[in-house]
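Close look at the chain arrangement
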Amino acid sequence: MSVYVGIDVHRKRSQVAVVDESGKVLANRNVPNAVEPFLKVIGGLPPGTPAAFEAAYGTSWLVELLESYGFTPHLVHASRCKAIASARLKNDKVGASILAQLLRVDLLPEAWIAPPEVRQLRALLRHRVALVRLRTLLRNRIHAIVADHGYDRPAGEYWSGPGRAWLASLELPAVSRELAGDDLALIGALETVIDRLDWEIRQRGRSGPRVKVLTQLRGVGPFTALVILAEVGDVSRFGSARKLASWAGPTTGRARQRPRRPLRAHLQTGLGVAALGAVRGGADRQALATVRRHLPAIAKRRGKKIATTAVARKLLTRAWHLLTDAGHAIPPPAAAPTAPEGTR
(Lines give C-alpha, C1' and ligand atoms only; values in the text may rest on other atoms or scores of the structure.)
Protein backbone atom coordinates (compact mmCIF):
# COMPACT_ATOMS: atom_id res chain seq x y z
CA MET A 1 0.00 0.00 0.00
CA SER A 2 1.36 3.40 -0.99
CA VAL A 3 1.40 6.20 1.59
CA TYR A 4 2.12 9.91 1.34
CA VAL A 5 3.44 12.36 3.92
CA GLY A 6 2.64 16.06 4.26
CA ILE A 7 4.60 18.27 6.68
CA ASP A 8 3.65 21.78 7.78
CA VAL A 9 7.01 23.05 9.04
CA HIS A 10 7.48 25.68 11.75
CA ARG A 11 10.45 26.89 13.75
CA LYS A 12 10.05 24.62 16.80
CA ARG A 13 7.29 22.16 15.95
CA SER A 14 5.77 20.71 12.78
CA GLN A 15 2.52 19.06 11.80
CA VAL A 16 3.02 15.66 10.14
CA ALA A 17 0.17 14.01 8.22
CA VAL A 18 0.17 10.55 6.59
CA VAL A 19 -2.48 9.48 4.05
CA ASP A 20 -2.90 6.24 2.11
CA GLU A 21 -3.50 5.76 -1.61
CA SER A 22 -7.28 6.16 -1.16
CA GLY A 23 -6.87 9.52 0.63
CA LYS A 24 -7.64 8.26 4.12
CA VAL A 25 -5.71 10.09 6.86
CA LEU A 26 -3.70 7.53 8.81
CA ALA A 27 -1.97 9.98 11.15
CA ASN A 28 -1.88 13.73 11.75
CA ARG A 29 0.30 14.75 14.68
CA ASN A 30 2.11 17.83 15.92
CA VAL A 31 5.70 16.95 16.88
CA PRO A 32 8.88 18.81 17.93
CA ASN A 33 11.49 19.42 15.24
CA ALA A 34 13.82 16.55 16.10
CA VAL A 35 14.72 13.16 14.65
CA GLU A 36 13.07 10.89 17.22
CA PRO A 37 9.63 12.60 17.27
CA PHE A 38 9.49 12.52 13.47
CA LEU A 39 10.47 8.87 13.32
CA LYS A 40 7.72 7.98 15.80
CA VAL A 41 5.22 9.13 13.15
CA ILE A 42 6.89 8.14 9.86
CA GLY A 43 9.71 5.82 10.91
CA GLY A 44 7.77 2.65 10.06
CA LEU A 45 6.86 3.73 6.52
CA PRO A 46 8.47 1.93 3.57
CA PRO A 47 11.64 3.33 1.94
CA GLY A 48 11.01 5.75 -0.90
CA THR A 49 7.83 7.16 0.68
CA PRO A 50 7.30 10.67 -0.71
CA ALA A 51 7.12 13.54 1.79
CA ALA A 52 6.01 17.08 0.89
CA PHE A 53 6.74 20.26 2.81
CA GLU A 54 6.57 23.96 2.01
CA ALA A 55 9.62 26.11 1.41
CA ALA A 56 10.17 27.82 4.76
CA TYR A 57 12.85 29.23 7.01
CA GLY A 58 15.38 26.59 7.99
CA THR A 59 14.17 23.43 6.22
CA SER A 60 17.59 22.05 5.24
CA TRP A 61 17.64 19.86 8.35
CA LEU A 62 14.35 18.29 7.27
CA VAL A 63 15.70 17.51 3.80
CA GLU A 64 18.74 15.81 5.34
CA LEU A 65 16.58 13.87 7.78
CA LEU A 66 14.22 12.59 5.08
CA GLU A 67 17.03 11.65 2.69
CA SER A 68 19.08 9.91 5.36
CA TYR A 69 16.13 7.68 6.34
CA GLY A 70 15.17 6.76 2.77
CA PHE A 71 12.26 9.13 2.13
CA THR A 72 11.79 11.13 -1.08
CA PRO A 73 11.51 14.84 -0.18
CA HIS A 74 9.34 17.19 -2.26
CA LEU A 75 9.72 20.95 -1.75
CA VAL A 76 6.52 22.93 -2.37
CA HIS A 77 5.97 26.45 -3.71
CA ALA A 78 3.90 27.90 -0.89
CA SER A 79 2.52 30.77 -3.00
CA ARG A 80 1.47 28.40 -5.77
CA CYS A 81 -0.22 25.89 -3.50
CA LYS A 82 -3.69 27.32 -4.15
CA ALA A 83 -5.51 24.51 -2.37
CA ILE A 84 -4.07 25.67 0.96
CA ALA A 85 -4.58 29.35 0.18
CA SER A 86 -8.26 28.83 -0.66
CA ALA A 87 -9.05 26.42 2.17
CA ARG A 88 -11.96 27.62 4.28
CA LEU A 89 -10.45 26.21 7.46
CA LYS A 90 -6.79 27.16 7.77
CA ASN A 91 -4.64 25.53 10.43
CA ASP A 92 -1.56 23.33 10.62
CA LYS A 93 -3.55 20.12 10.67
CA VAL A 94 -5.44 20.99 7.50
CA GLY A 95 -2.29 22.29 5.80
CA ALA A 96 -0.29 19.11 6.40
CA SER A 97 -3.18 16.93 5.25
CA ILE A 98 -3.69 18.93 2.05
CA LEU A 99 0.02 18.68 1.22
CA ALA A 100 -0.19 14.90 1.51
CA GLN A 101 -3.38 14.78 -0.60
CA LEU A 102 -1.85 16.95 -3.34
CA LEU A 103 1.20 14.70 -3.35
CA ARG A 104 -1.07 11.66 -3.66
CA VAL A 105 -2.87 13.00 -6.76
CA ASP A 106 0.33 14.42 -8.28
CA LEU A 107 -0.84 18.05 -8.21
CA LEU A 108 1.94 19.39 -6.04
CA PRO A 109 3.68 22.59 -7.33
CA GLU A 110 7.27 21.59 -6.63
CA ALA A 111 10.51 23.55 -6.26
CA TRP A 112 14.02 22.26 -6.89
CA ILE A 113 15.91 20.95 -3.85
CA ALA A 114 19.56 21.90 -4.12
CA PRO A 115 22.09 19.17 -3.29
CA PRO A 116 24.16 19.56 -0.10
CA GLU A 117 27.28 20.94 -1.84
CA VAL A 118 25.23 23.69 -3.51
CA ARG A 119 23.52 24.56 -0.23
CA GLN A 120 26.90 24.84 1.47
CA LEU A 121 28.25 27.09 -1.29
CA ARG A 122 25.16 29.31 -0.98
CA ALA A 123 25.70 29.58 2.77
CA LEU A 124 29.35 30.55 2.32
CA LEU A 125 28.65 33.24 -0.28
CA ARG A 126 25.65 34.66 1.57
CA HIS A 127 27.70 34.81 4.77
CA ARG A 128 30.36 36.84 2.98
CA VAL A 129 27.74 39.21 1.53
CA ALA A 130 26.20 39.74 4.98
CA LEU A 131 29.59 40.59 6.51
CA VAL A 132 30.41 43.05 3.71
CA ARG A 133 27.07 44.78 4.25
CA LEU A 134 27.78 44.99 7.97
CA ARG A 135 31.20 46.51 7.24
CA THR A 136 29.57 49.07 4.93
CA LEU A 137 27.11 49.95 7.70
CA LEU A 138 29.96 50.57 10.13
CA ARG A 139 31.83 52.71 7.59
CA ASN A 140 28.72 54.80 7.03
CA ARG A 141 28.41 55.28 10.80
CA ILE A 142 31.93 56.72 10.89
CA HIS A 143 31.07 59.05 7.99
CA ALA A 144 28.01 60.24 9.92
CA ILE A 145 29.97 60.81 13.16
CA VAL A 146 32.63 62.88 11.42
CA ALA A 147 30.11 64.83 9.34
CA ASP A 148 28.07 65.59 12.46
CA HIS A 149 30.99 67.71 13.68
CA GLY A 150 31.65 69.44 10.35
CA TYR A 151 34.62 67.36 9.20
CA ASP A 152 35.17 65.57 5.90
CA ARG A 153 38.13 63.79 4.38
CA PRO A 154 37.78 64.31 0.62
CA ALA A 155 40.70 62.09 -0.40
CA GLY A 156 41.08 58.63 1.08
CA GLU A 157 39.18 56.54 3.60
CA TYR A 158 38.78 56.97 7.33
CA TRP A 159 39.65 53.33 8.07
CA SER A 160 42.94 53.17 6.13
CA GLY A 161 46.32 53.95 7.73
CA PRO A 162 46.45 57.66 6.77
CA GLY A 163 42.71 57.92 7.32
CA ARG A 164 42.96 56.62 10.89
CA ALA A 165 45.77 59.10 11.61
CA TRP A 166 43.65 61.94 10.24
CA LEU A 167 40.67 60.77 12.29
CA ALA A 168 42.80 60.64 15.45
CA SER A 169 43.90 64.25 14.89
CA LEU A 170 40.33 65.61 14.89
CA GLU A 171 38.90 67.45 17.87
CA LEU A 172 35.92 65.27 18.69
CA PRO A 173 33.89 64.94 21.89
CA ALA A 174 34.80 61.96 24.04
CA VAL A 175 31.64 60.00 23.20
CA SER A 176 31.96 60.58 19.44
CA ARG A 177 35.60 59.51 19.51
CA GLU A 178 34.64 56.41 21.48
CA LEU A 179 31.93 55.51 18.96
CA ALA A 180 34.27 56.00 16.00
CA GLY A 181 36.94 53.91 17.71
CA ASP A 182 34.50 51.08 18.38
CA ASP A 183 33.36 51.13 14.75
CA LEU A 184 36.97 51.04 13.53
CA ALA A 185 37.71 48.08 15.79
CA LEU A 186 34.69 46.19 14.47
CA ILE A 187 35.71 46.99 10.88
CA GLY A 188 39.18 45.58 11.56
CA ALA A 189 37.72 42.37 13.00
CA LEU A 190 35.34 41.99 10.05
CA GLU A 191 38.09 42.54 7.49
CA THR A 192 40.07 39.63 8.95
CA VAL A 193 37.10 37.31 8.46
CA ILE A 194 36.20 38.73 5.03
CA ASP A 195 39.79 38.28 3.81
CA ARG A 196 39.72 34.65 4.94
CA LEU A 197 36.42 34.09 3.12
CA ASP A 198 37.78 35.79 -0.01
CA TRP A 199 40.75 33.42 0.01
CA GLU A 200 38.48 30.40 0.31
CA ILE A 201 36.16 31.67 -2.43
CA ARG A 202 39.12 32.27 -4.77
CA GLN A 203 40.32 28.70 -4.16
CA ARG A 204 36.87 27.33 -4.97
CA GLY A 205 36.74 29.48 -8.11
CA ARG A 206 40.09 28.21 -9.37
CA SER A 207 39.05 24.58 -9.03
CA GLY A 208 35.66 25.00 -10.74
CA PRO A 209 35.47 24.44 -14.52
CA ARG A 210 32.10 26.18 -14.73
CA VAL A 211 33.55 29.26 -13.02
CA LYS A 212 36.09 29.54 -15.84
CA VAL A 213 33.25 29.29 -18.35
CA LEU A 214 31.26 32.09 -16.72
CA THR A 215 34.22 34.43 -16.26
CA GLN A 216 34.33 34.73 -20.04
CA LEU A 217 31.45 37.17 -19.60
CA ARG A 218 32.49 40.76 -19.21
CA GLY A 219 31.90 42.02 -15.68
CA VAL A 220 31.71 38.50 -14.20
CA GLY A 221 34.53 37.57 -11.85
CA PRO A 222 35.02 34.39 -9.81
CA PHE A 223 32.79 35.60 -6.96
CA THR A 224 29.86 36.54 -9.21
CA ALA A 225 30.31 33.29 -11.16
CA LEU A 226 30.05 31.30 -7.94
CA VAL A 227 26.96 33.30 -6.93
CA ILE A 228 25.29 32.39 -10.22
CA LEU A 229 26.21 28.71 -9.84
CA ALA A 230 25.12 28.57 -6.20
CA GLU A 231 21.79 30.35 -6.65
CA VAL A 232 20.84 28.80 -10.01
CA GLY A 233 22.20 25.33 -9.29
CA ASP A 234 21.65 22.83 -12.09
CA VAL A 235 21.07 25.02 -15.15
CA SER A 236 19.62 22.08 -17.10
CA ARG A 237 16.40 22.38 -15.07
CA PHE A 238 15.60 25.50 -17.11
CA GLY A 239 14.43 24.70 -20.63
CA SER A 240 15.56 28.04 -22.04
CA ALA A 241 17.45 31.18 -21.15
CA ARG A 242 14.13 33.03 -21.06
CA LYS A 243 12.82 30.69 -18.36
CA LEU A 244 15.96 31.22 -16.29
CA ALA A 245 15.64 35.01 -16.59
CA SER A 246 11.97 34.81 -15.61
CA TRP A 247 12.80 32.66 -12.58
CA ALA A 248 15.59 35.00 -11.48
CA GLY A 249 13.26 37.94 -11.00
CA PRO A 250 12.35 41.26 -12.63
CA THR A 251 13.38 41.81 -16.23
CA THR A 252 13.19 45.07 -18.17
CA GLY A 253 9.65 44.52 -19.34
CA ARG A 254 8.19 43.59 -15.95
CA ALA A 255 10.47 45.24 -13.40
CA ARG A 256 7.71 47.57 -12.20
CA GLN A 257 4.92 45.02 -12.35
CA ARG A 258 6.36 42.23 -10.23
CA PRO A 259 7.86 42.73 -6.76
CA ARG A 260 11.39 41.58 -6.05
CA ARG A 261 11.55 37.96 -4.95
CA PRO A 262 13.40 37.56 -1.65
CA LEU A 263 14.72 34.11 -2.62
CA ARG A 264 16.41 35.60 -5.69
CA ALA A 265 17.81 38.67 -3.92
CA HIS A 266 21.38 37.31 -3.71
CA LEU A 267 21.40 36.41 -7.39
CA GLN A 268 20.01 39.80 -8.39
CA THR A 269 22.61 41.59 -6.27
CA GLY A 270 25.43 39.64 -7.88
CA LEU A 271 24.07 40.27 -11.37
CA GLY A 272 23.68 43.97 -10.61
CA VAL A 273 27.34 44.27 -9.64
CA ALA A 274 28.35 42.30 -12.74
CA ALA A 275 26.14 44.51 -14.93
CA LEU A 276 27.89 47.64 -13.67
CA GLY A 277 31.23 46.05 -14.50
CA ALA A 278 29.98 45.09 -17.95
CA VAL A 279 28.79 48.61 -18.68
CA ARG A 280 32.07 50.16 -17.56
CA GLY A 281 34.10 47.88 -19.82
CA GLY A 282 36.42 44.91 -19.59
CA ALA A 283 37.36 41.82 -21.55
CA ASP A 284 35.19 40.19 -24.21
CA ARG A 285 33.99 43.51 -25.63
CA GLN A 286 31.99 41.80 -28.34
CA ALA A 287 29.89 39.78 -25.92
CA LEU A 288 27.53 42.58 -24.94
CA ALA A 289 28.06 44.89 -27.90
CA THR A 290 24.35 44.95 -28.75
CA VAL A 291 23.35 45.87 -25.22
CA ARG A 292 25.98 48.60 -25.05
CA ARG A 293 24.65 50.11 -28.28
CA HIS A 294 21.12 50.27 -26.93
CA LEU A 295 22.03 51.01 -23.31
CA PRO A 296 22.05 54.85 -23.63
CA ALA A 297 18.62 54.77 -25.28
CA ILE A 298 17.22 52.51 -22.55
CA ALA A 299 18.71 54.71 -19.84
CA LYS A 300 17.30 57.86 -21.43
CA ARG A 301 13.85 56.35 -21.91
CA ARG A 302 13.44 54.36 -18.69
CA GLY A 303 16.29 55.33 -16.37
CA LYS A 304 19.68 53.93 -15.39
CA LYS A 305 18.28 51.26 -13.07
CA ILE A 306 16.16 49.72 -15.82
CA ALA A 307 19.13 49.92 -18.20
CA THR A 308 21.32 48.10 -15.68
CA THR A 309 18.60 45.46 -15.31
CA ALA A 310 18.71 44.98 -19.08
CA VAL A 311 22.44 44.26 -18.92
CA ALA A 312 21.93 41.90 -15.96
CA ARG A 313 19.28 39.98 -17.89
CA LYS A 314 21.61 39.75 -20.89
CA LEU A 315 24.39 38.45 -18.65
CA LEU A 316 22.13 35.76 -17.20
CA THR A 317 20.93 34.80 -20.69
CA ARG A 318 24.48 34.40 -21.95
CA ALA A 319 25.40 32.48 -18.78
CA TRP A 320 22.66 29.96 -19.58
CA HIS A 321 23.99 29.48 -23.12
CA LEU A 322 27.60 29.16 -21.96
CA LEU A 323 26.78 26.59 -19.28
CA THR A 324 24.44 24.65 -21.57
CA ASP A 325 26.96 24.56 -24.42
CA ALA A 326 29.78 23.58 -22.10
CA GLY A 327 27.69 20.72 -20.72
CA HIS A 328 29.33 20.75 -17.29
CA ALA A 329 27.48 18.80 -14.60
CA ILE A 330 27.45 19.85 -10.96
CA PRO A 331 30.85 18.75 -9.62
CA PRO A 332 31.00 16.48 -6.58
CA PRO A 333 31.56 18.24 -3.27
CA ALA A 334 35.21 18.93 -2.66
CA ALA A 335 36.89 19.26 0.69
CA ALA A 336 36.80 22.85 1.86
CA PRO A 337 40.28 24.42 1.53
CA THR A 338 42.02 25.53 4.69
CA ALA A 339 43.44 29.02 4.73
CA PRO A 340 47.18 29.11 5.40
CA GLU A 341 48.39 30.58 8.66
CA GLY A 342 48.30 34.37 8.62
CA THR A 343 46.20 34.64 5.43
CA ARG A 344 44.33 37.94 5.26
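The helix and strand tally for the chain stands at 13 helices and six strands. Residue pairs at least 24 apart in sequence account for 58% of intrachain contacts in the chain once pairs closer than 6 positions are excluded.

Within the largest apolar cluster, 49 residues are counted, with the highest numbers of intra-cluster contacts made by Ile 142, Leu 167, Leu 214, Val 232 and Leu 244. Of all the secondary structure elements, the ones that give two or more residues to this core are helix 5 (116-147), helix 7 (174-206), helix 8 (209-214), helix 9 (222-232), helix 10 (241-248), helix 11 (265-280) and helix 13 (304-326). Looking at this core, the element that brings in the most residues is helix 5, giving nine residues. When residues no more than four places from it in sequence are discounted, the contact partners of Leu 244 are Val 232, Val 235, Phe 238, Leu 316 and Trp 320. Counting residues in each nonpolar core, the second largest holds 21 residues, with Val 5, Val 9, Ala 51 and Leu 65 among its members.

This next bit is on the pairing of strand 4 (residues 50-54). Along strand 4, five of the five residues are buried, which leaves the element largely enclosed by surrounding structure. Alternating positions in strand 4 separate into two faces, Pro 50, Ala 52 and Glu 54 on one and Ala 51 and Phe 53 on the other, with burial throughout. Bridge count for strand 1 (residues 3-9) against strand 4 is three bridges, and the pairing is parallel. Pairing of Val 5 across the sheet is with Ala 51, part of strand 4. As paired elements, strand 4 and strand 5 (residues 72-76) share five bridges and run parallel to each other. Residue pairing across strands places Phe 53 opposite Leu 75, the latter belonging to strand 5. Between the parallel pair strand 4 and strand 5, the chain is carried across by helix 2 (residues 60-68), and the sense of this crossover is right-handed.

Spatially, six strands are ordered 3-2-1-4-5-6 in an open sheet, and the strand pairing comes out mixed. Of all strands in the sheet, those bounded by a partner on one side alone are strand 3 (25-32) and strand 6 (110-111). Seen against the sheet, helix 2 touches strand 1, strand 4 and strand 5 and runs at an angle of roughly 180° to strand 4.

Before going further, it helps to examine the packing of helix 6 (residues 161-168) against helix 7. Helix packing for two helices is described by the angle between their axes and how far apart those axes are. For the pair helix 6 and helix 7, interaxial distance at closest approach is 11 Å and the crossing angle is 165°. Considering the angle they form, helix 6 stands roughly antiparallel to helix 7. Here helix 6 runs over helix 7; the crossing is left-handed. Along the contact surface, helix 6 presents Arg 164, Leu 167 and Ala 168, while helix 7 presents Arg 177, Ala 180 and Leu 184. Per-class residue counts for the contact of helix 6 with helix 7 are four nonpolar, no polar and two charged.

Attention now goes to the pattern of salt bridges. By the definition in use, this model includes six salt bridges. Two residues, Glu 64 and Arg 119, come together in a salt bridge whose shortest N-O distance is 3.8 Å. Of this pair, Glu 64 sits in helix 2 while Arg 119 sits in helix 5, placing them 55 residues apart in sequence. For Arg 119, a relative accessible area of 15% corresponds to the buried category. Glu 200 is the salt-bridge partner of Arg 204, the closest N and O atoms lying 3.6 Å from each other. Here Arg 204 and its partner Glu 200 are both found in helix 7, four residues apart, which amounts to about one turn of the helix.

With their axes 9 Å apart at the nearest point, helix 5 and helix 9 run at an angle of 135° to one another. Between helix 5 and helix 9, the angle is such that the two are oblique. Pair helix 5 / helix 9 crosses with left-handed handedness. Contacts between helix 5 and helix 9 involve Val 118, Leu 121, Arg 122, Leu 125, Arg 126, Arg 128 and Val 129 on the former and, on the latter, Phe 223, Leu 226, Val 227, Ala 230 and Glu 231.

For helix 4 (residues 92-104), spanning 13 residues, the distance from its first C-alpha to its last is 18 Å, which sits close to the expected 18 Å at 1.5 Å a residue. Among all positions of helix 4, only Gly 95, Ala 96, Ser 97, Ile 98, Leu 99, Ala 100, Gln 101, Leu 102 and Leu 103 are buried. The distance from a side-chain oxygen at the start of helix 4 to the backbone nitrogen of Lys 93 is 3.1 Å, and the residue carrying that oxygen is Asn 91. Two residues or fewer past helix 4, Asp 106 is found with a positive phi of approximately 60°.

Per-residue confidence for the chain gives a mean pLDDT of 80; residues scoring 70 or more make up 76%. Taken together, the stretch residues 282-288 has pLDDT below 50 and engages in 14 contacts with residues farther than four places along the chain or on a different chain. pLDDT under 50 marks residues 328-344. Its contacts with residues more than four places away, or in other chains, come to 29 contacts.

Rules of the game
- Residues numbered from 1 in each chain as written.
- Predicted model: local features only at pLDDT ≥ 70, side-chain atom pairs only at ≥ 80, totals over all residues.
- Heavy atoms only, no water.
- Helix = DSSP H or I, 4+ residues; strand = E, 2+ residues; numbered from the N terminus.
- Contact = heavy atoms within 4.5 Å.
- Core = buried A, V, L, I, M, F, W, Y, C linked by side-chain atoms within 4.5 Å.
- Buried < 20%, exposed > 50% of the residue type's maximum accessible area, 1.4 Å probe, protein only.
- Pairing = 2+ DSSP bridges.
- Right-handed = clockwise from strand over helix to strand, strands pointing away.
- Axes fitted to C-alpha atoms, helices over the stretch in contact; angles between N-to-C directions.
- Parallel < 35°, antiparallel > 145°, perpendicular 65-115°, else oblique.
- Left-handed = near helix turned anticlockwise from the far one by under 90°.
- Nonpolar A, V, L, I, M, F, W, Y, C, P; charged D, E, K, R; others polar.
- Salt bridge = Lys/Arg side-chain N within 4 Å of Asp/Glu carboxyl O.
- Expected span 1.5 Å × (residues − 1).
- Polar contact = N/O pair within 3.5 Å; in protein donor to acceptor, adjacent residues only side chain to side chain.
- pLDDT = per-residue confidence, 0-100.

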